[in-house]
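# Tertiary structure, described
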Amino acid sequence: MDKYNFAEIENKWQKRWEQEKRFKTVTSTDKPKYYCLEMFPYPSGRIHMGHVRNYTIGDVIARYKMMHGVSVLHPMGWDAFGLPAENAAMNKNVHPSEWTQNNISYMKSQLKRMGFSYDWDRELATCNEDYYKWNQWLFLKFYEKGLAYKQEADVNWCNTCQTVLANEQVVDSCCWRCNTPVRTKRLSQWFFRITAYADNLLADHSLLGNWPERVLSMQKNWIGKSYGCEIDFRLASDTEKIIKAFTTRPDTIFGATYVVLAPQHPLIDELIKGTENEEQIRQFIEQCKVRVALDEEVEKKGMFTGAYAINPVNSEHIPVWIANYVLMGYGSGAIMAVPAHDQRDFEFSKKYDLPIRVVIQPELQQAQTPHCPLSTAFSLQPSDNMTCAYEEEGILTNSGVFNGMGNVDAKGTITKWMDEEKIGRGKINYRLRDWLVSRQRYWGTPIPIIYCESCGIVPVKEDELPIRLPKELDVSGRKTLASFPEFIHTKCPACGRDASRETDTMDTFVDSSWYFARYVSPHDDKQPIDTKQADYFLPVDQYIGGIEHAILHLLYSRFFVKVMADIGLINHKEPFANLLTQGMVIKDGAKMSKSKGNVVDPDDIVNKYGADTVRIFILFAAPPEKDLEWSEQGVEGAWRFLNRVWRIVQQHAAGVRQEIKPENLSVPAKALYSFTHRTIKRVTEDIDVFHFNTAISACMELVNEMYQYKEDDTMGLVVLQEALRNLILMLSPFAPHMCEELWGKIGNSTSILDEPWPTYLPEALQKDSILIVVQINGKARDKITVPVESTEDVIKAEALNAVSDKLSGKEIKKVIVVAGRLVNIVI
RNA sequence: GCGAGGGUGGCGGAGUUGGUAGACGUGCCAGACUUAGGAUCUGGUGGGGCAACCUGUGCGGGUUCGAGUCCCGCCCCUCGCACCA
């Protein structure tokens, strides 16, 4: 018997698949399509186990769909712009382009060694000018539509990366990439107006029913839509000057006892200029800029500006404060403080002895909350020694004509009234900020903009694209495009005079925001996307990747698709119909990482066991969305299983194909026949819902059955061979190389890829007899086997008879018969 | 604090129109084949007990003939957001 020589087999079939272009996408409109996509990797040098897991899952789905005769698009490419290439340039004295290309070619060979079914003819790399040209083209479209704009703003700056970052790329106040604490810096930068799509992004969650709930909830949280009211507080000293404050609680407006500005609020300068406390206040504002350590409760601090604002509903003059607990980045950077009904304001007013005015009374005694003991249930008074704000519902008081109204109703009524009085207006506010896309980097897409002294900001003409990166980079030090005078100097497209180019490049998340759409027509040099192809292939039917992109990449991509639809490039509202977020690969309880020294190199495992074993292990060890603990013993188990399959097929490879007539089979043969078809059913249903671990375990059970099977007459062998044939087909998405080889060994000359997925015969699942569990008082006591057509009475009698010794002298109160399952005798 | 997801053998994990808890794998124990086997095949394996049985799915209640699964109240873990007005 041949030994399972995985190295030879895998090499043989990888070559054959490539030569025969087995995975070339067939665009055929009379067939249903399936677009299976895994998140493309950054070409860091080598693939890691996380990639192997991600791409194995995708490969199983793609191959499974191929066997269903579907036109499958399964492409792969490279997220090839990024900072590590620049660091490599400095540290290893190699051009970012060369370093990236080398990495791509090695990683591509690794992916091929795994046997993944990619259509490599559609490969793309975002650092190639035939890709980033279309980034620039899209940028110009965004600019035309007013969706790209330049603005001076306080932006996030990472000193290590020497560049700015988008809000989404700041994690716990630190750079998402290098973990350096982020500082704010005032710079003029390019933004994408993602906020214009905030509502669409939120509303279209309804189209994403098959996305994991937690991803949707993270995005919802990030977008942060809230309904409220913007209220105008005029300055007492100059009623032309207005502080706009956003609140979700207009019902508490009569309880506003002061106004608070964020330390960065633009009006502050004017308010404090020339006052006696000016210097102190400026010092305080500086202090507020210092970021404190994380998960540390920040103490509320503030200062009185000396100015007063007018509460528009009652003309009261209330003090204007500056405090660190008000954020410039949300709403208008100013709030009305209602200490009686907002815990934060309450704490602040206690600290600085600011007045507290109750404007909502709990309705009944039971409205008391455990956190807010009230001395008298019906009249909440600040003098009651309130220990916290009352944030529950109630009845308005101290609120003029609105007294007695329920506060929930009052929100709308007061908003409407303020609108009529022109002192405020209903407003929807979002937490989402615009996307800062400028980066002070070399290795990225140049922003196609020219600055002219007389014409200002002038977009590059479309036919001038691409604006190429200067290639002759001296790699000895950190460079940006500003280091290349020959790149900067140009002529103004409008007036022809000397002008200079924008030297910032785009955030690399721009690249990955539409690459999935480029795959439908990757070589089109006339347009970014061939709309016809897009109509056929988009949206991606199944997207697979890590949860770490829950907000960043997945939100940006959704935004891009909506813009691309609005400019008529595509006709879809959402990029990814279904999303599978796979868990991490961990070892010894921690994520594999160089610093922890617990990395397992895929190359080593593939060399030792082969790709098929690695694939089986990864799929079997845990369901895809859960974390997977790496286990050498688990890999051994997968290896043993494949060898078991290999041996059983070898033992019974030669044989006859003959029609099976179930009624003529021996009892064991019929049992195996039935088991085979039940396995087909189980495996099919499991793969449909991505339960690869249980699909493989079902195959293992079938193999175990085969080892027990001893029928060696002709029909016995026919049944066994039918089982083997189906087993090989079912395992082929998981362990494709070995299955191709075994497919040949059982007498086929074609590729298994030409074979349809097996279907089970319902009649084969039918049994002559069934097992019935006999319970007494809900506890299993015995089992009986009865003919499948037995009536309830017969089953009941059999059951009572089986446990008669345990029933003697007992009164039977009740007997429950569940068809086909059990009998429960209650005594 | 808010939101989402979890808690089942030594370990990874099965199991929901409520119906034999622990499939499959791993580990461990035993047997077979063998000069030998960390190869392979076979059997056993939640805990307690010689056994009949008892007990067991984070904790406490409840519904039910019957609960890992449904309901109520807790505890713990993971992830995300977090002074968002």
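Residues numbered from 1 in each chain as written. Chains lettered and ligands numbered in written order. Predicted model: local features only at pLDDT ≥ 70, side-chain atom pairs only at ≥ 80, totals over all residues. Heavy atoms only, no water.

Once that is clear, we can look at the overall build of chain A. Counting its regular elements, chain A contains 26 helices and 34 strands. Projecting the C-alpha coordinates of chain A onto the three principal axes gives extents of approximately 105 × 90 × 50 Å. The contacts in chain A between residues at least 6 apart in sequence include a share of 72% that link residues at least 24 apart. Carbon and sulfur atoms make up 49% of the accessible area of chain A, which amounts to about 37,400 Å² in all. (Helix = DSSP H or I, 4+ residues; strand = E, 2+ residues; numbered from the N terminus. Contact = heavy atoms within 4.5 Å. Areas by Shrake-Rupley, 256 points an atom, 1.4 Å probe, with all protein chains shown as cover.)

A separate point is the UniProt feature "binding site: ATP" (unreviewed entry) in chain A. Per the UniProt record, the feature "binding site: ATP" (unreviewed entry) sits at K594. With respect to the helices, strands and loops of the structure, K594 is situated in the loop between strand 29 (590-591) and helix 17 (602-609). (UniProt positions renumbered as here; feature names shortened; annotations may be inferred.)

Mapped onto this structure's residue numbering, the UniProt feature "domain: Methionyl/Leucyl tRNA synthetase" (unreviewed entry) falls at residues 40-179. For residues 40-179, the end-to-end C-alpha separation is 23 Å, with 44% helix and 18% strand making up the annotated structure.

All right, on to the protein's contact with RNA strand B then. What surrounds RNA strand B is a group of 51 residues, the closest being T248, K300, Y330, R344 and N824. Sugar and phosphate atoms form 68% of the subset of RNA strand B atoms that lie within 4 Å of the protein. Residue N221 places a side-chain N or O atom 3.4 Å away from a sugar or linking oxygen belonging to RNA strand B. Measuring from a base oxygen of RNA strand B, one finds a side-chain N or O atom of K300 at 2.4 Å. Tallying contributions element by element places helix 21 (residues 692-708) first for the surface near RNA strand B, with 8 residues. Of the residues assigned to the surface near RNA strand B, the class counts are 19 nonpolar, 14 polar and 18 charged. (Near = heavy atom within 4 Å. Polar contact = N/O pair within 3.5 Å; in protein donor to acceptor, adjacent residues only side chain to side chain. Nonpolar A, V, L, I, M, F, W, Y, C, P; charged D, E, K, R; others polar.)

For the rest of this paragraph, the subject is a negative patch on the surface. A cluster of acidic residues, E363, E391, E392 and E393, forms a negative patch on the protein surface. Examined against the element boundaries, E392 turns out to sit in the loop between strand 16 (360-361) and strand 17 (395-396). (Patch = residues over 30% accessible without salt bridge, like charges linked within 9 Å, V, L, I, M, F, W, Y side chains within 5 Å. Salt bridge = Lys/Arg side-chain N within 4 Å of Asp/Glu carboxyl O. Lys, Arg positive; Asp, Glu negative; His and termini not counted. Charge placed at Lys NZ, Arg CZ, Asp CG, Glu CD.)

Another point: the domain arrangement of chain A. Where interface size is given, it is often the accessible area lost as the parts come together that is meant. Domains assigned within chain A are domain 1 (7-127 + 509-596), domain 2 (225-430), domain 3 (640-765) and domain 4 (769-826). On a C-alpha basis, the centroid separation for the pair domain 1 and domain 2 is 50 Å. (Domains from an automatic or database assignment.)

What follows concerns the nonpolar core. In this structure, F192, W435, Y515, F559, W630, F641 and F734 are the most contacted members of the largest nonpolar core, which totals 186 residues. Among the elements that take part in this core, helix 22 (residues 714-731) stands out by supplying 10 residues, more than any other. Those residues in contact with Y515 that sit more than four places away from it in its chain are L37, E38, M39, F40, L124, Y131, Y543 and H553. Membership of the second largest hydrophobic core comes to 37 residues, among which are I243, I253, F284 and V359. (Core = buried A, V, L, I, M, F, W, Y, C linked by side-chain atoms within 4.5 Å. Buried < 20%, exposed > 50% of the residue type's maximum accessible area, 1.4 Å probe, protein only.)

We now examine the pattern of salt bridges. What the rule picks out here adds up to 47 salt bridges. In this structure, the salt-bridge partner of K12 is E741, at a minimum N-O distance of 2.9 Å. Taken as a pair, K12 in helix 1 (residues 6-19) and E741 in helix 23 (residues 736-745) lie far apart in primary sequence, 729 residues in all. Owing to a relative accessible area of 34%, K12 belongs among the partly exposed residues under this scheme. For E741, a relative accessible area of 14% corresponds to the buried category. Here D232 makes a salt bridge to R425, at a shortest N to O gap of 2.6 Å.

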